[in-house]
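Residue-level structure breakdown
One-letter residues, chain by chain:
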Amino acid sequence: MALLEVDDLSVTFARRGQRTVNAVDGVSFSVDAGEVVGLVGESGCGKSVTSLAIMGLLPKQPGLKVGGKAVFDGTDLLQLDDRSRRDIRGRDVAMIFQDPLSSLNPVIPIGLQVTEVLTRHRGMKGAAAEKEAVALLDRVGIPDPRRRLKEYPHQLSGGMRQRALIAMAVACQPRLLIADEPTTALDVTIQAQILELLKDLVRDSGTALVMITHDLGVVAGMCETINVLYAGKVVETARRRPLFREPRHPYTVGLLGSVPRLDAGRGERLNPIPGSVRDVLPWVEGCAFAPRCARRVDECVDGPPELVLAHDGRSYRCVNPAPVPGVTPDAAQALYREAPAAGEDAVPTPAEPGAVPAQAVPNDPPTVPGFGPAPREEESQ
Amino acid sequence: MFRFIVRRLLQLIPTLFGLSVLLFIWLHRLPGGPETAILGERGTPQMRAAIRRSLGLDEPILVQYARFLRRMIKLDLGTSTSTKRAVTTEFLERFPGTVELTVMAMVIAIGIGIPLGYLAARRRGRFLDHASVGGSLIGICIPVFFLAYVLKAIFAENLGWFPSSGRQDPTLGATRVTNFFVLDGLMTREWDAAADALWHLVLPAVALASIPLAIIVRITRASVLEVLNEDFVRTAEAKGLTERTVRGRHVLRNSMLPVVTSIGLLTGGLLSGAVLTETVFAYGGIGAFIYEAISQRDYPVLMGFILIIAVVYVLVNLIVDLSYSVIDPRVRVR
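These numbers come from a predicted model, not from an experiment.

**Brief notes about the overall build of chain B**
Secondary structure summary: chain B contains 15 helices and 0 strands in total. Seen through its C-alpha atoms, chain B measures out along the principal axes to roughly 85 × 55 × 40 Å. In chain B, of all internal contacts separated by at least 6 residues, the share reaching a separation of at least 24 is 72%.

**Here's the deal with the overall build of chain A**
A tally of regular secondary structure across chain A gives 11 helices and 12 strands. By the burial criterion, 48% of the 381 residues in chain A qualify as buried. Residue pairs at least 24 apart in sequence account for 63% of intrachain contacts in chain A once pairs closer than 6 positions are excluded.

**Looking at the UniProt feature "transmembrane region" (unreviewed entry) in chain B**
Per the UniProt record, "transmembrane region" (unreviewed entry) is found at residues 9-27, 101-121, 133-155, 197-217, 257-290 and 302-324 of chain B. Secondary structure over residues 302-324 of chain B splits into 100% helix and 0% strand, and the C-alpha atoms at its two ends are 33 Å apart.

**Topic: the interface of chain A and chain B**
Each partner contributes to the interface: chain A provides 27 residues, whereas chain B provides 21 residues. The residue makeup of the side of chain A that touches chain B, split by class, is 14 nonpolar, 6 polar and 7 charged.

**With respect to the pairing of strand β4 (residues 64-72) of chain A**
Sheet faces and side chains relate simply in a regular strand, where the side chains alternate between the two faces. Residues and elements named next belong to chain A. Of the strand pairs in this sheet, strand β1 (residues 4-13) and β4 are connected by 8 bridges, and their pairing is antiparallel. Counterpart to D7 in the pairing with β4 is K69. Note: β4 against strand β5 (residues 75-76), 2 bridges, orientation antiparallel. What sits directly across from F72, in β5, is T75. Here β4 folds back onto β5, and the loop between the two strands holds 2 residues, one of which, D73, carries a positive phi near 50°.

**Describing the sheet that holds β1(A)**
Paired through backbone hydrogen bonds, the strands of a sheet run either parallel or antiparallel to each other. The 4 strands are arranged β2-β1-β4-β5 (chain A) in an open sheet whose pairing can be described as antiparallel. Strands with a single pairing partner mark the edges of an open sheet, and in this sheet they are β2 (21-31) and β5 of chain A.

**Digging into the sheet that holds strand β8 (residues 208-213) of chain A**
Residues and elements named next belong to chain A. The 8 strands are arranged β6-β7-β8-β3-β9-β10-β12-β11 in an open sheet whose pairing can be described as mixed. With one partner strand each, in any of the chains shown, β6 (93-96) and β11 (308-309) form the two edges of the open sheet. Relative to strand β7 (residues 176-180), β6 runs parallel, the two being bridged by 4 bridges. Counted as the bridge partner of V93 is L176 from β7. Here helix α1 (residues 47-55) sits on the sheet in contact with β3 (36-40), β6, β7, β8 and β9 (225-230), set at roughly 145° to β7. In the packing of helix α10 (residues 250-257) onto the sheet, contacts are made with β9 and β10 (233-239), and the angle to β9 comes to roughly 100°.

**Topic: the domain arrangement of chain B**
Quite often, the size of an interface is put as the accessible area lost when its parts meet. According to the domain assignment, chain B contains domain 1 (2-73) and domain 2 (90-331). Inter-centroid distance (C-alpha atoms) of domain 1 of chain B to domain 2 of chain B is 32 Å.

**Thoughts on the packing of helix α6 (residues 127-141) of chain B against helix α9 (residues 191-228) of chain B**
All names here are of chain B. Look at α6 against α9: their axes get within 8 Å of each other, and the N-to-C directions meet at 145°. Considering only the axes of α6 and α9, their crossing is left-handed. Packed against α6, whose contacting residues are S132, S136, G139 and I140, the element α9 presents S210, I211, L213, A214, V217 and R218 at the interface. Split by residue class, the contact of α6 with α9 holds 5 nonpolar, 4 polar and 1 charged.

**Notes on helix α14 (residues 286-295) of chain B**
Those residues of α14(B) that sit buried are B:I286, B:G287, B:A288, B:F289, B:I290 and B:A293. Phi turns positive, to about 50°, at B:R297, one or two residues after α14(B).

**A short note on the pairing of β3(A)**
Residue and element names in this part refer to chain A. Here β3 lies mainly inside the structure; 5 of its 5 residues are buried. Here β3 shows two buried faces, one formed by V36, G38 and V40 and the other by V37 and L39. Of the strand pairs in this sheet, β3 and β8 are connected by 5 bridges, and their pairing is parallel. Directly across from G38, in β8, lies its bridge partner M211. Pairing of β3 with β9, which is carried by 4 bridges, proceeds in the parallel orientation. Paired with G38 across the two strands is I226, which belongs to β9.

**Considering the nonpolar core**
With 155 residues, the main nonpolar core has A:V114, A:A167, A:I178, A:M211 and B:I216 as its most contacted residues. In contact with A:A167, other than residues within four places in its own chain, are A:V114, A:L136, A:L137 and A:V140.

**With respect to the confidence of the model for chain B**
Residues and elements named next belong to chain B. Looking at chain B as a whole, the pLDDT averages 81, with 94% of positions reaching at least 70. Confidence scores differ between elements of chain B, with helix α2 (residues 34-39) showing the lowest mean pLDDT of 64 and helix α10 (residues 231-238) the highest of 91. Per the prediction output, this complex has pTM 0.74; the corresponding ipTM is 0.77.

**With respect to the packing of helix α7 (residues 144-158) of chain B against α9(B)**
The description of two packed helices rests on the angle between their axes and on the distance between the axes. Residues and elements named next belong to chain B. At a minimum axis distance of 9 Å, the contact between α7 and α9 shows a crossing angle of 145°. The element α7 and its partner α9 pack so that their crossing is right-handed. Together, V144, L147, A148, L151, K152, F155 and A156 of α7 and L203, P204, V206, A207, L208, S210 and I211 of α9 make up the contact between the two elements. Looking at the contact of α7 with α9 residue by residue, the class counts come to 12 nonpolar, 1 polar and 1 charged.

**Considering unusual backbone geometry**
All names here are of chain A. A positive phi angle is found at D144, which is not glycine, with a value near 55°. Summarising the element assignment, D144 is placed in the loop between α4 (126-139) and α5 (145-148). Using a count of 11 C-beta atoms within 10 Å as the deciding quantity, one classes D144 as exposed. Notably, A231 is not glycine yet its phi reads approximately 45°, a positive angle. As for its position among the elements, A231 is in the loop between β9 and β10.

**Some remarks on the environment of A:R292**
Residue and element names in this part refer to chain A. Take R292: it is sitting in the loop between α10 and β11. With 26 residues separating them in the primary sequence, R292 and R266 have C-alpha atoms 27 Å apart. Among all residues touching R292, those that are not within four sequence positions of it are I273, P274, G275 and D279.

Reading guide: rules and limits
Residues numbered from 1 in each chain as written. Chains lettered and ligands numbered in written order. Predicted model: local features only at pLDDT ≥ 70, side-chain atom pairs only at ≥ 80, totals over all residues. Helix = DSSP H or I, 4+ residues; strand = E, 2+ residues; numbered from the N terminus. Contact = placed C-beta atoms within 7 Å. Buried ≥ 20, exposed ≤ 12 C-beta atoms within 10 Å, placed from the backbone. UniProt positions renumbered as here; feature names shortened; annotations may be inferred. Nonpolar A, V, L, I, M, F, W, Y, C, P; charged D, E, K, R; others polar. Pairing = 2+ DSSP bridges. Axes fitted to C-alpha atoms, helices over the stretch in contact; angles between N-to-C directions. Domains from an automatic or database assignment. Left-handed = near helix turned anticlockwise from the far one by under 90°. Core = buried A, V, L, I, M, F, W, Y, C linked by C-beta atoms within 7 Å. pLDDT = per-residue confidence, 0-100.

Here is the structure:
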């Protein structure tokens, strides 16, 4: 039994006089205890809405409908009443957000923002809570934690703020941590440090982690299982290595191919996926990715593509998947075949830290912070 | 903090100096003068000149201004041309009444406005929200003097629940200490006098509170709605904090900044603008007196009044700035 089992989760926003938006359209995935799972996709694909729906944090508004199940340790989080949900949040399931500055209350000292979780869930007060808060800040690598307790978010640097947020999230040793683009708002060197910290925390405490990101480099460095989302549906699920090596869904292929590479020839163009995430087909009419897909065939628009379960436990939602071992598109193959051989040359650009997906595995020692995980010899084939 | 306050108070000096120059020039360019007010349309040119001479208005303007400044430094605002009493005496008698009225009105406006605005935001789109937003629109639209008359007619004259005029029942023979009647009653332990003064305050204060109340409701509502969508509120929710903690500690406090600003501005406005309400309730505050002074072209009183209002505005803004720094560490003064 998985720790978190998300089954057919759907989130729709209905507005009077407007088309109903299916932000999340039947997402299913599972997270085992202690596992690191990635939810990947471009902006607007429903990653964040998925996580907020699981946490019960979607802003209450008329026309919002959440369907499906999110079973955490035997309890369906979506069916809980407000009170029991608040009991679980922060204690068993915690979340880290994207923008550490806006995610911290600007008018309250960091200390109180940490201790309030301890007071709420662990009944700690006064000096005991403060002592624990100091220990927590220390654990997430904030120097001089005792002084920091009295400071306000605006007095901390971006990296320190994210560390403080992480301290609040892990304060009660949750069994599941959801990180929603935790490094997007940070600069490159800090990104690497924060990812390293998250890795350490997960390894030390056995907390399961759902990593939500658009950054394939982050996924490659951390996640064991990866779910690729497109237009509110999981279009491909695979373990990390097979996914990077043999992406089956054309969207995954496109994502991997669009990662900029330093070892590409001078003047060589980037390979974006044509169109934008708004050019979608409703899933009921066919594959939402069809309008942008290079491998589109007529069947794509005949109806919703079925989930195909492949022999190795991976699954994808495509009627004309990229073949294995693929011939096209070149970009994805090149990524897999050439990257290991490129070795030290394959330093990612500053814009995409660690974005050399095929090289990374979770236990890699960090090299220079911000320059991604070290290349592994055994990856070369 | 202390240095900040001193610095702000020192800023008063150039402000007041500039203001006094402006006022002086302005008043002397006005057609007519106190002699017209005293003599009316009759008076011969000789009589006018005699009065101008007796008031020192025939001297060069710079001399007049220098004399004015010298007196001002000694806190001597001169003698009212209409009541023949010292302007300072008149103010000390009347200004406390207006201050009491303003404070009472703001207590009502804040005490009702912030909770109502907050609840309206929480129940956005539901009945309470529509009622308070609509109600505040009406509150802004109704002229204060009209509301004052309606309140007086219903609650004072028909129902007889409240007194219809004055600041206190003169038959109580209350002792005067500061001319803040409620405060005097409390200080001298004349409880009935304090209660009576408070009772006299209710209707005019309610009338005066209508516009500030409406504005505070709207600003609080808008501000709370904005803060409810902030990321840090989501963080607080994600921590599993109780709804009460989230609302009190995270939402309300952050939404108070614009409200405090508006409270400061509104208070200053009320202090200077209670004229109509005071007239309706024959309330012995500064408003009605100033109205008289304007029609009598009572220069010393007007000058003094405008200067006092300037001081009040600076002080109120100082208090607003200080409360900012209590609420928001980012603008904390050192």
